[in-house]
Amino acid sequence: MEQFEFLILLLAAIVGLEVLARRLHLPAAAAFILGGGALALIPGIGMPDVDPDLILVIFLPPLLMSGAYMTVWRDFRQNLRGILLLAVGAVIFTTMVVGIGVKWLLPDLPWAVCFALGAIVSPPDAVAANAVLERVSLPSRITVLLQGESLLNDAAGLVLFRFAIVAALTGTFSLSGALTSFCVLSVGGVALGAVIAYAGLLAIRWLHGHGEAVVTVTLLMAAISYIGGEKLHVSGVLSTVTTGLIVGWRQHEVFSADTRMRAHAVWGSLVFLLESVLFMFIGLSLRGVLGRLEDQGNAVQAFLLPSLLVVSLVVVSRFVWLYAADGFYSLMRVIGVRHGPAPSLAASTIMGWAGMRGVVSLVAALSVPETMPGRDFILIATFLVILVTVLVQGTTLEPLIRLLRLSGAEELEMKRHSEDRAWASMTAAQYRAIQRASHTPDGKERHPRLLEQYAHRASVASIYAKNPDEHRPHEIDHFMAILEAIKAGRHEVLRLHRAGEITDAVLHDMEQELDLQQLVAEARVTKDGEELILPA
C-alpha cells in the first residue's frame, strides 16, 4: 500500500512539474529530475527499492519501440553511416577515454572497473535526447543523426559494460572473443527483431477491426522483442529497435485509420508517463548518492573531484570524436573523395552538446555487483554525469542553437510548400475519383453535390499552393468558422441528451463524429505551429 501511495504521489508531482516546466520554458526532463531530487530530500517519504533489471524490462522496450516507430526509415538508412559513427564509434572512444582517465586518477582501481564506468556513461540516452529535441528546431539531418544514435548506442554501451563486468569479476578478457560476441549480439538482435515484427504484423492483419487488441499486440511486440533478445543472448535493444522500425514503415498499409488513432493516443500517453517516471527516478536516486557521500570521511577528495573529471572526460571526448570525424571527412573531400554533405563546425558543436545521459546509464550503474571494487564511486560519478548533462546541456541547447544560427526554419518552409503541393495533388486525385464514381452510362451525374464539393476542394487547394501566404488567413478563418459550427452542434447534442431525447449510445456516436471533424479543423488551423484559440 505504501508503494502504491508513493506511485500516486509521483504521478501528481509529474503533472505539476509538467505544468511548471511549460510556464518557465524549461525542458521537462530537467524539471522532473529536480522534482525527484526535491522529493528525495523530504523526510518520511518511503521510496521502494526497485530491481535495476526490472526497470530496464518495464521502461526501455516501449520507449525504444516508440522512438523507432516514429523514425523515418528512409532518412535513417541514408544517414546510417553517420549514425553508426556516433552510436558505435563515439561510444567505444568515450569508454576508452574515460577508462584511461579514471585509471590515471585512481590507479588502485582495476582496469576493468575503469572501463566499466566508461561503458556506463558513454551512450547518450534516447529518452533524454527525445525530451530535449522535441523543444528545438534543428536541420533534419542533425535530428536524424541524434535520434538514430540514441536508438542504437545503448546496445553498444551495454555490450561493452557486460564485457567489462565479466573481466572485472574473472580477471580475464579476450578481444577476439569480445568482437565475435558483439557481432553475434548485433546480427542476432536485428534478425530476431525482424521475425517478431513480421509475426506481429500478421497478427495485426488477422485482428483487423479490433482496435484495442491491435494496440495490445504492439505493446506485446515491444516486450517480446526485448525479453526474447535477452533470453536468446542477443541484443534486446537492437531487436526492439528493429521491430519498431519495421512496424513504423509498414503501419500505413496495415493499420486502419481507427486503429492508428487509438495507437497514437495510447502510446503517446504511455511514453509520457514512462519518460516522466524515469526522470523522476533519476532525481530520487539523489538520496542514495548523498548516503554514500556521508559514509566517506573525505567525500570531496574521494568521490566528487574524480567524478567531476569523469564528467569533463565524457563531454570533451564527444567533441573530440566529432571534430576528428569532421577533419577526416574534410581531408577526404580535399583529395577528391566526397562522403555526403560537407562537415559543419556548428552542426558538430550542437551534436556534441546534445549528448545527454539518462536512466540507462543509471540503471547500469545500479546493476554493478556489490562485490566489485569502486561501486560507490561508479554510482556517484554516473549520477553526476546525468545531472550535469541533462540540467546544464539540456537547458542550454536551445540558446546555443540560436547563438550558432543553426535551425531548421528553412527546411520547415520547404516542408510547408511541399505539403501545400501534396494537398493540391491529393484533392485533384480525389476529384477525379469522384468524377469516375459519379458518371452514369447515360451521361447523368449520380452524385452532383459530392462532385461540386470535391471540385471546389481541388480548385481551392490548387490556388492555395501557388500563393499560400496570401490565402493562409482565409484558410484559418474558414476552419475557425467550422469549429464554431462544431461547437454549436456539440451543445445541441448535449442538450438533447440531457433532455432525455437521445440515448447514451447515440450521444457517443455523434460525439465521435464531431471529435473527428474537430481534429481535422484544428490540425488545419495550427498546421504552421500557430497557437490555437478556440471559439469562446
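Predicted, not measured: the structure shown is a model, and the values here were computed from it.

Trainee: Go over the overall build of the protein chain with me, naming the residues and quoting the values.
Mentor: Along the backbone of the protein chain there are 21 helices and 0 strands. For the protein chain, buried positions account for 45% of its 536 residues. The contacts of the protein chain with a sequence gap of at least 6 include a subset with a gap of at least 24, amounting to 79%. Per element, the accessible surface of the protein chain, about 27,500 Å² overall, is 65% carbon and sulfur.

Trainee: Residue-level account of the packing of aromatic side chains, with values.
Mentor: Counted according to the given criterion, the structure contains 5 aromatic pairs. Taking 6.4 Å as the distance between ring centres and 40° as the angle between the ring planes, the aromatic pair formed by Phe319 and Trp353 counts as tilted. Taken together, the positions of Phe319 in helix α14 (residues 299-334) and Trp353 in helix α15 (residues 345-353) put the pair 34 residues apart, joining distant regions of the chain. Cluster of aromatic residues (ring-pair linked, three or more members): Phe319, Tyr323 and Trp353.

Trainee: Just give me the short version of the pattern of salt bridges, but keep the residues and values in it.
Mentor: Tallying each qualifying case throughout the model produces 8 salt bridges. Glu492 is the salt-bridge partner of Arg495, the closest N and O atoms lying 2.7 Å from each other. Residue Arg495 and its partner Glu492 are located together in helix α20 (residues 468-498), separated by 3 residues, close to a single helical turn. On the basis of relative accessible area, Arg495 is assigned to the partly exposed category, the value being 43%. Judged by relative accessible area, which is 36%, Glu492 ranks as partly exposed.

Trainee: Quick rundown of the packing of helix α5 (residues 80-105) against helix α6 (residues 111-121)? Include the residues and the values.
Mentor: Where α5 contacts α6, the axes come no closer than 7 Å and their chain directions differ by 135°. In terms of orientation, α5 lies oblique with respect to α6. Of the two elements, α5 crosses α6, and the hand of that crossing is right-handed. Contacts between α5 and α6 involve Thr95, Met96, Val98, Gly99, Ile100, Val102 and Lys103 on the former and, on the latter, Trp111, Cys114, Phe115, Leu117, Gly118, Ala119 and Val121. Per-class residue counts for the contact of α5 with α6 are 10 nonpolar, 3 polar and 1 charged.

Trainee: Could you give an account of unusual backbone geometry, with specific residues and numbers?
Mentor: Phi is positive for His233, close to 60°, though the residue is something other than glycine. Residue position: His233 is located in the loop between α10 (211-231) and α11 (236-254). With a relative accessible area of 63%, His233 lands in the exposed category.

Trainee: How would you sum up the packing of helix α3 (residues 52-69) against α10? Please name residues and give values.
Mentor: Viewed as axis vectors pointing N to C, α3 and α10 meet at an angle of 115°, and their least axial separation amounts to 9 Å. Here α3 and α10 pass one another in a crossing that is right-handed. Here α3 contributes Leu56, Val57, Leu60, Pro61, Pro62 and Met65 to the contact with α10, which in turn contributes Thr218, Met221, Ala222, Ala223, Tyr226 and Ile227.

Trainee: Give a detailed account of the nonpolar core, specifying residues and quantitative values.
Mentor: Soluble globular proteins tend to pack their nonpolar side chains together in the buried interior. Leu117 and Val310 are the most contacted members of the largest nonpolar core, which totals 108 residues. It is helix α17 (residues 375-403) that provides the largest number of residues to this core, a total of 13 residues. When residues no more than four places from it in sequence are discounted, the contact partners of Val310 are Val98, Val102, Leu117, Val121, Phe377, Ala381 and Val385. In terms of nonpolar packing, the next biggest core, distinct from the first, is built from 10 residues, Ile486, Ile502, Leu507 and Ala521 among them.

Trainee: An account of a nonpolar patch on the surface is needed here, citing residue identities and associated values.
Mentor: A cluster of nonpolar side chains, Met1, Phe4, Leu7, Ile8, Leu11, Phe272 and Leu273, forms an exposed patch at the surface whose accessible area comes to about 660 Å². Where the nonpolar patch is concerned, the elements lending two or more residues are α1 (2-24) and α12 (257-284). Following the sequence through the fold, Leu11 ends up in helix α1.

Trainee: Tell me what's going on with the environment of Leu309, and back it up with residues and numbers.
Mentor: By secondary structure assignment, the location of Leu309 is in helix α14. The exposure class of Leu309 is partly exposed, given its relative accessible area of 23%. In this view, Leu309 contacts Gly101 and Leu105; residues no more than four positions away in its chain are not counted.

Trainee: Describe the confidence of the model for the protein chain, listing the residues and the values that go with them.
Mentor: This prediction gives the protein chain a mean pLDDT of 82; 89% of its residues lie at or above 70. For the protein chain, per-element mean pLDDT is lowest for helix α7 (residues 126-133), which scores 66, and highest for α10, which scores 92. A low-confidence stretch, residues 529-536 stays under pLDDT 50, and its non-local contacts, those more than four residues away or across chains, total 16 contacts.

Trainee: Before we move on, can you summarise the environment of His471 with the specific residues and values?
Mentor: Counting through the fold element by element, His471 comes out in helix α20. Judged by relative accessible area, which is 23%, His471 ranks as partly exposed. In this structure the C-alpha to C-alpha distance between His471 and Val460, which are 11 residues apart in sequence, comes to 9.5 Å. Residue contacts for His471: discarding those within four places in its chain leaves Ile463 and Tyr464.

Trainee: Explain the environment of Asp515 residue by residue, including any values.
Mentor: Within the fold, Asp515 resides in helix α21 (residues 504-525). According to the relative accessible area criterion, Asp515 is partly exposed, its value standing at 35%. Counting along the chain gives 29 residues from Asp515 to Ile486, while the straight-line C-alpha distance between them is 8.6 Å. Within the local environment of Asp515, its side chain forms a polar contact with the side chain of Arg490, the two groups lying 3.0 Å apart.

Each value, and the rule that gives it
- Residues numbered from 1 in each chain as written.
- Predicted model: local features only at pLDDT ≥ 70, side-chain atom pairs only at ≥ 80, totals over all residues.
- Heavy atoms only, no water.
- Helix = DSSP H or I, 4+ residues; strand = E, 2+ residues; numbered from the N terminus.
- Buried < 20%, exposed > 50% of the residue type's maximum accessible area, 1.4 Å probe, protein only.
- Contact = heavy atoms within 4.5 Å.
- Areas by Shrake-Rupley, 256 points an atom, 1.4 Å probe, with all protein chains shown as cover.
- Phe/Tyr/Trp six-rings, centres within 6.5 Å; stacked < 30°, edge-to-face > 60°.
- Salt bridge = Lys/Arg side-chain N within 4 Å of Asp/Glu carboxyl O.
- Axes fitted to C-alpha atoms, helices over the stretch in contact; angles between N-to-C directions.
- Parallel < 35°, antiparallel > 145°, perpendicular 65-115°, else oblique.
- Left-handed = near helix turned anticlockwise from the far one by under 90°.
- Nonpolar A, V, L, I, M, F, W, Y, C, P; charged D, E, K, R; others polar.
- Core = buried A, V, L, I, M, F, W, Y, C linked by side-chain atoms within 4.5 Å.
- Patch = residues over 30% accessible without salt bridge, like charges linked within 9 Å, V, L, I, M, F, W, Y side chains within 5 Å.
- pLDDT = per-residue confidence, 0-100.
- Polar contact = N/O pair within 3.5 Å; in protein donor to acceptor, adjacent residues only side chain to side chain.

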